[in-house]
Amino acid sequence: MNIKALRLVGLLEGISFLLLLFIAMPLKYIWDNPILVKYVGMGHGFLFIAFLVVLLVVCHRMKWSLSMFLMGLVASILPFGTFVFDFKLKKIEQEISVI
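A short tour of the structure in this document, coming up. One numbering rule holds for all chains: residues counted from 1, following each sequence as written. It should be noted that, the model being predicted, local features are given only for residues of pLDDT at least 70 and side-chain atom pairs only at 80 or more, the latter also being counted only at that level, while totals for whole chains, interfaces and linings use all residues. Only hydrogens and water are set aside when side-chain values are computed; all heavy atoms of the structure are taken into account.

Topic: the overall build of the chain
Right, on to step 1. Runs of H or I in DSSP of at least four residues are treated as helices and runs of E of at least two as strands, each being numbered from the N terminus. Broken down by element type, the chain carries four helices and zero strands.
Right, on to step 2. Helices and strands appear in the chain in the N-to-C order α-α-α-α.
Right, on to step 3. Principal-axis analysis of the C-alpha atoms places the extent of the chain at approximately 55 × 20 × 20 Å.
Right, on to step 4. Relative accessibility decides the category of a residue: with a 1.4 Å probe and only protein chains considered, values under 20% of the type maximum give buried, values over 50% give exposed, and everything between is partly exposed. Within the chain, buried positions represent 34% of all 99 residues.
Right, on to step 5. For the chain, the proportion of contacts with a sequence separation of at least 24, taken over those separated by at least 6, is 66%.
Right, on to step 6. Throughout, the Shrake-Rupley method with a 1.4 Å probe supplies accessible areas, and for residues the shown protein chains are the sole cover considered. Element-wise, carbon and sulfur atoms account for 75% of the exposed surface of the chain, whose accessible area totals about 6,500 Å².
Right, on to step 7. Counting rule for charge: Lys and Arg are taken as positive, Asp and Glu as negative, and neither His nor the chain ends is counted. All charge positions are set by atom: Lys at NZ, Arg at CZ, Asp at CG, Glu at CD. On the chain, the mean spot of the 9 positive side-chain charges and the mean spot of the 5 negative ones are 6 Å from each other. Contact definition: two residues touch when any of their heavy atoms are within 4.5 Å.

Have a look at this one:
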């Protein structure tokens, strides 16, 4: 696994989180239709765990500090956090490709 894989899983996790927060949850609590929470929530849960596993593997392979892992962890629990974290990962990826 590499930074590209981490960025992809982070993008998918971020999108699933936003779908859960801004589409599935309002449907459940405003319009009393909980069906999307079940499926979107399950997908988001899988992607959340996948993101953390890929983050851990990439941090280990790249010999990144614990703070980088914690930054990714915090990003994964904040709305839009993985998109901000992706910006940092893209910078790192570009620096590596220059070398």
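Brief notes about the side chain of Ser 16
Right, on to step 1. Looking at where Ser 16 falls in the secondary structure, it is placed in helix H1 (residues 3–29).
Right, on to step 2. On the accessibility criterion, Ser 16 (8% relative accessible area) is buried.
Right, on to step 3. A polar contact is formed between the side chain of Ser 16 and the backbone oxygen of Glu 13, at a distance of 2.8 Å.
Right, on to step 4. Apart from residues no more than four positions distant in its own chain, Ser 16 is found in contact with Val 40, His 44 and Leu 47. In protein, a polar contact means a hydrogen-donor-capable atom and an acceptor-capable atom, both N or O and within 3.5 Å, with residues adjacent in sequence counting only if both atoms are side-chain atoms; elsewhere, any N or O pair within 3.5 Å suffices.

Quick notes on the packing of aromatic side chains
Right, on to step 1. Any Phe, Tyr or Trp ring, taking Trp's six-membered ring, that has another such ring centre within 6.5 Å forms a pair; planes under 30 degrees apart are called stacked, those over 60 apart edge-to-face, and the others tilted. Tallying each qualifying case throughout the model produces three aromatic pairs.
Right, on to step 2. Aromatic side chains Phe 51 and Phe 85 sit 6.4 Å apart centroid to centroid with 85 degrees between the ring planes, which places their arrangement in the edge-to-face category. In this pair, Phe 51 is assigned in helix H2 (residues 35–62) and Phe 85 in helix H4 (residues 81–98), connecting sequence segments 34 residues apart. Taken as a pair, Phe 51 and Phe 85 share a single burial class, namely buried.
Right, on to step 3. Residues Phe 80 and Phe 83 carry aromatic rings whose centres are separated by 6.4 Å and whose planes lie at 50 degrees to one another, so their mutual orientation is tilted.
Right, on to step 4. One aromatic cluster in this structure is built from Phe 22, Phe 80 and Phe 83.

Let's talk about the pattern of salt bridges
Right, on to step 1. The term salt bridge refers to a side-chain nitrogen of Lys or Arg lying within 4 Å of a carboxyl oxygen of Asp or Glu. Applying the stated criterion across every chain, the model contains three salt bridges.
Right, on to step 2. Lys 4 serves as the salt-bridge partner of Glu 93, at 3.6 Å between the closest nitrogen and oxygen. Here Glu 93 is found in helix H4, whereas its partner Lys 4 is found in helix H1, with 89 residues between them in sequence.
Right, on to step 3. Accessibility expressed as a relative area gives 57% for Lys 4, which makes it exposed.
Right, on to step 4. Through salt bridges with shared partners, a single network forms among Lys 4, Arg 7, Asp 86 and Glu 93.

Any functional reading would require information beyond the geometric quantities listed.
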